[in-house]
Protein chains: 2
Amino acid sequence: MFRFFADINNISAAAIKLSDEDSKHIRSLRLRPDEKFIVCDGNSTEYVCTLDQPDKFTNAVIISSHNSKSEPTVSCKSYIAFSKGDRLDYAVQKLVELGINEIILFKSSRCVAIPHDIPKKVTRLQRIVLETAKMSGRGIIPKVSYSGDFEETITEALTESKLTLFFYENEEKLNIKSILNQHFPDGDENKINNNKHISIITGPEGGFTEQEVEYSRSKKIPVVSLGSRVLRSETAPVVALAAIMYHTDNL
Amino acid sequence: MFRFFADINNISAAAIKLSDEDSKHIRSLRLRPDEKFIVCDGNSTEYVCTLDQPDKFTNAVIISSHNSKSEPTVSCKSYIAFSKGDRLDYAVQKLVELGINEIILFKSSRCVAIPHDIPKKVTRLQRIVLETAKMSGRGIIPKVSYSGDFEETITEALTESKLTLFFYENEEKLNIKSILNQHFPDGDENKINNNKHISIITGPEGGFTEQEVEYSRSKKIPVVSLGSRVLRSETAPVVALAAIMYHTDNL
């Protein structure tokens, strides 16, 4: 079934007012008069709908509603350093497919491509998030934001999360499985719920500096490896999230 | 350290003859006379080298050698259906970063973008594999090939692998963790070694047809889910491989 998101203020008990953009999209789909589609409120409730009138594309009639079945039981945030070219686009798309809750961009020492207009970049990535959330059947629209420089980002992550993981390619001792086993022993569902905000911090193409790694260690943030092969900056957060989703039975 | 691959026939006990392309690359890097670099034989042996003469870029002198530390303990093959645009490029790059052993392209019913010149496509992807293998520090160069149509591919996968997994977005019962736990219980390293060829089969943008799913079931291939969110055709094999690498302690 085709999927759309609607602003919660446009949803009444029986009907939903669709956005102009979604109305145009629905028109182009040439739905049959009784063809069902899903409108999600972006807050994990999904409404099965049909068009009110087959030639009017702005009003959807609600047939039934249910909770989204696609949201994971863990809430993960990806703090991702600015990267060149379309690397962020790629990472953002894959993170949304995998079930990320929030994406936060930041600056670090070795970032070689910090956009002149950061709010524009955020808006562009938020657009990719929306399209991907529809395609992958998400029940929420993950938010994209910008947290500032490295130290501000570490402070925010520590305030917002129960567990913060700092990924570093030169770390050789602590791997992601050890740390996840320690915090979320298999089957310990309560512990997962108690620790449900997990933050993933990953660097730019050039990696983090030793000073940044030491700063994270000084804040008691575990510095974690993703294996012995070097992952590109857009791959690391996706692999980290895939591992967390796998570990917590969300794959 | 910079990394290169050399043909095993060009490696003698004390020196390595570099390819014209690598020689040009080394020239452009302006290495210091004593600067070390790594040349790998593509068979998991790595040679630490310097240039024979600082202004000659075709001969490397071997200082020491060691086994590659980056190859995973499981050998995985990704059977991946033809997909549109740069989706295959992306999947191939990420699979190599994550430690894939071999990539095999195939045709299935819903493929909308089968290249006219398949050998050319294979060559192009093999080029991406080589560049990625250097960047990510692989000890081998994973091979790209083409296996033919769907049924030929299933036959090949069954012949070549100890465990074949068929990923299907509409599968609701069997998830990847259940099947990996069943075949590779935690810590059962011998069992992993006995079953070391794992094949991952994933479909095109439009997914597999019900007939294709039934055909796989009829051959006793487990039909497996990757969770309740719909993954794009280029994301599914990467997430499946990340899960396998995580499960088998290779992340």
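Given the structure is predicted, the values throughout are model-derived calculations rather than measurements. (Residues numbered from 1 in each chain as written. Chains lettered and ligands numbered in written order. Predicted model: local features only at pLDDT ≥ 70, side-chain atom pairs only at ≥ 80, totals over all residues. Heavy atoms only, no water.)

**Q** Quick question: what am I supposed to make of the interface of chain B and chain A here?
**A** Interfaces are frequently sized by the accessible area removed from exposure as the parts join. In this assembly, 37 residues from chain B lie in contact with 37 residues from chain A. Its largest share of buried area at the contact with chain A, chain B owes to Arg229(B), Tyr246(B) and Leu251(B), together 28% of the area lost on that side. At the boundary of chain B and chain A, one finds four salt bridges. As a salt-bridge pair, Glu234(B) and Lys94(A) come within 2.7 Å of each other at their nearest N and O atoms. (Contact = heavy atoms within 4.5 Å. Buried area = accessible area lost by both parts, 1.4 Å probe. Salt bridge = Lys/Arg side-chain N within 4 Å of Asp/Glu carboxyl O.)

**Q** Would you mind showing me how to read the relation of the copies chain B and chain A here?
**A** Once chain B has been moved 0.0 Å along the axis and rotated by 180 degrees, it coincides with chain A to within an RMSD of 0.0 Å. Both copies are brought into coincidence by an operation consistent with a two-fold rotation axis. Comparing interface residues between copies, 100% of those in chain B also sit at the interface in chain A, which points to an isologous, same-surface contact. (Least-squares fit on C-alpha atoms with pLDDT ≥ 70 in both.)

**Q** What is the right way to read the packing of aromatic side chains from this model?
**A** For any pair of aromatic rings, geometry is given as the distance between the ring centres together with the angle between the planes. Overall, the coordinates contain 18 aromatic pairs over all chains when judged by the stated rule. Residues Tyr246(A) and Tyr246(B) carry aromatic rings whose centres are separated by 5.9 Å and whose planes lie at 70 degrees to one another, so their mutual orientation is edge-to-face. Of the two residues, Tyr246(A) is situated in helix H8 (residues 236–247) and Tyr246(B) in helix H8 (residues 236–247); the pairing between them involves two chains. Residue Tyr246(B) is classed as buried on the basis of its relative accessible area of 3%. Site record: aromatic cluster; members linked through ring pairs are Phe106(A), Phe150(A), Phe166(A), Phe208(A) and Tyr215(A). Sitting over the face of the ring of Tyr90(B), Lys94(A) holds its NZ or CZ atom 5.0 Å from the ring centroid. Positioned above the aromatic ring of Tyr246(B) is the side chain of Lys177(A), whose terminal nitrogen or guanidinium carbon lies 5.5 Å from the ring centre. (Phe/Tyr/Trp six-rings, centres within 6.5 Å; stacked < 30°, edge-to-face > 60°. Helix = DSSP H or I, 4+ residues; strand = E, 2+ residues; numbered from the N terminus. Buried < 20%, exposed > 50% of the residue type's maximum accessible area, 1.4 Å probe, protein only. Lys NZ or Arg CZ within 6 Å of the ring centre and 35° of its normal.)

**Q** Can you help me understand the environment of Asp22(B) in this one?
**A** All names here are of chain B. Residue placement: Asp22 occurs in helix H1 (residues 20–29). In this structure Asp22 comes out as buried when scored by relative accessible area, which is 5%. In this structure the C-alpha to C-alpha distance between Asp22 and Val238, which are 216 residues apart in sequence, comes to 29 Å. Setting aside residues no more than four positions away along its own chain, Asp22 makes contact with Phe4, Phe5 and Lys134.

**Q** Can you help me understand the environment of Leu88(B) in this one?
**A** All names here are of chain B. Relative to the helices and strands, Leu88 resides in helix H2 (residues 87–98). With a relative accessible area of 1%, Leu88 lands in the buried category. It is 24 Å that separates the C-alpha atoms of Leu88 and Gln211, two residues lying 123 residues apart in sequence. Filtering out sequence-adjacent residues up to four positions away, Leu88 remains in contact with Ile80, Ala81, Phe82, Ser83, Leu105, Lys121 and Leu125.

**Q** What should I look at first to understand the sheet that holds strand S3 (residues 37–40) of chain A in this one?
**A** Residues and elements named next belong to chain A. With respect to topology, five strands assemble into an open sheet ordered S1-S3-S4-S5-S2, the strand pairing being mixed. On the outer flanks of this sheet lie strand S1 (3–5) and strand S2 (15–17), each paired with one strand and no other. Averaged over all pairs of adjacent strands, the angle between strand axes in this sheet comes to 40 degrees, irrespective of strand direction. Summarising the sheet, S2 and strand S5 (residues 56–67) pair through three bridges and their orientation is antiparallel. Bridging across to S5, Ile16 finds its partner in Ala60. Where helix H1 (residues 20–29) meets the sheet, its contacts fall on S1, S3, strand S4 (45–53) and S5, and the angle it forms with S1 comes to roughly 165 degrees. (Pairing = 2+ DSSP bridges. Axes fitted to C-alpha atoms, helices over the stretch in contact; angles between N-to-C directions.)

**Q** Please clarify how the pattern of salt bridges should be interpreted in this entry.
**A** Pairs can form between side chains of opposite charge whenever their charged atoms are close. Tallied over the entire structure, the rule returns 36 salt bridges over all chains. Across the pair Arg217(A) and Glu214(A) runs a salt bridge, and its minimum N-O distance is 3.5 Å. Taken together, the positions of Arg217(A) and Glu214(A), both in helix H7 (residues 210–218) and three residues apart, correspond to about one turn of that helix. According to the relative accessible area criterion, Glu214(A) is partly exposed, its value standing at 45%. Taking the shortest distance from any N to any O, the salt bridge between Glu35(B) and Arg32(B) comes out at 3.6 Å. Judged by relative accessible area, Glu35(B) falls into the buried class, the value being 18%. Among the charged side chains, a network of salt bridges with common partners joins Glu21(A), Asp22(A), Arg127(A), Glu131(A) and Lys134(A).

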